[in-house]
Amino acid sequence: MPIIITPAYLWDGNKQLSGILSLTPKNLIFEFKDFQKSHLKLQISLQEIKKAETILIYEITKKGLKVTGRKEQTDLFVLDDPITFRKELLKAMNKLRV
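About the criteria used
- Residues numbered from 1 in each chain as written.
- Predicted model: local features only at pLDDT ≥ 70, side-chain atom pairs only at ≥ 80, totals over all residues.
- Heavy atoms only, no water.
- Helix = DSSP H or I, 4+ residues; strand = E, 2+ residues; numbered from the N terminus.
- Buried < 20%, exposed > 50% of the residue type's maximum accessible area, 1.4 Å probe, protein only.
- Contact = heavy atoms within 4.5 Å.
- Pairing = 2+ DSSP bridges.
- Axes fitted to C-alpha atoms, helices over the stretch in contact; angles between N-to-C directions.
- Core = buried A, V, L, I, M, F, W, Y, C linked by side-chain atoms within 4.5 Å.

(A) Representation of the side chain of threonine 6 within the structure. With respect to the helices and strands, threonine 6 occurs in strand β1 (residues 4-11). On the accessibility criterion, threonine 6 (15% relative accessible area) is buried. With residues up to four places along the chain from it excluded, the contact list for threonine 6 reads Gly19, Ile20, Leu21, Leu79 and Phe85.

(B) Structural view of unusual backbone geometry. Notably, glutamate 72 is not glycine yet its phi reads approximately 70 degrees, a positive angle. Within the secondary structure, glutamate 72 is located in the loop between β6 (61-69) and β7 (74-78). By relative accessible area, glutamate 72 is classed as partly exposed at 48%.

(C) Spatial organisation of the sheet that holds strand β2 (residues 16-23). Sheet architecture is open: seven strands sit in the order β4-β3-β2-β1-β7-β6-β5, paired in antiparallel fashion. This sheet does not close on itself; its edge strands, each paired only once, are β4 (41-45) and β5 (49-57). Across the sheet, the mean angle from the axis of one strand to that of its neighbour is 30 degrees, orientation sign disregarded. Packed onto the sheet, helix α1 (residues 82-97) meets β1, β2, β3 (27-32), β5 and β6 and runs at close to 175 degrees relative to β5.

(D) View of the nonpolar core. Among the nonpolar cores identified, the biggest contains 19 residues, and Leu21, Leu28, Leu46, Ile49, Phe77 and Leu89 are the most heavily contacted of them. For this core, the secondary-structure elements that each account for two or more residues are β1, β2, β3, β5, β6 and α1. Per element, the largest residue contribution to this core is four residues, and it comes from α1. Beyond its immediate stretch of four places on either side in the chain, leucine 28 contacts Leu21, Ser22, Leu42, Gln43, Ile44, Leu46, Ile49, Val67, Phe77 and Phe85. Core analysis: the next-biggest nonpolar cluster, separate from the first, contains five residues, Trp11, Ile55, Ile57 and Val78 among them.

From the geometry alone we can't say anything about function, so treat these as descriptive.
Now the structure itself:
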């Protein structure tokens with residue numbers, strides 16, 4: 001069962017792929033809007049996340065969420081309320097590490 005779900009974009013600095021970003025008790029999941037009926041999705045185990053931080057987008061607005069993995073993989077998401085999402089993500093990560 002998801003803890004929080006929000007519309008979001010997976011962003012590489014140039015291209016934005018729209019979808020839904022979900023936080024479950026064990027995973028961060030991004031499901032692509034254009035591939036909703038497929039198996040294609042990005043699933044990151046919370047145990048693999050080293051750091052999550054809010055970032056500026058185009059150096060204008062703090063709508064970004066940068067997730068860095070233990071092996072230095074980086075995924076950038078653009079969402080309306082990254083501060084609340086990050087707070088819930090950190091809480092879920094801490095529950096797994098206790």
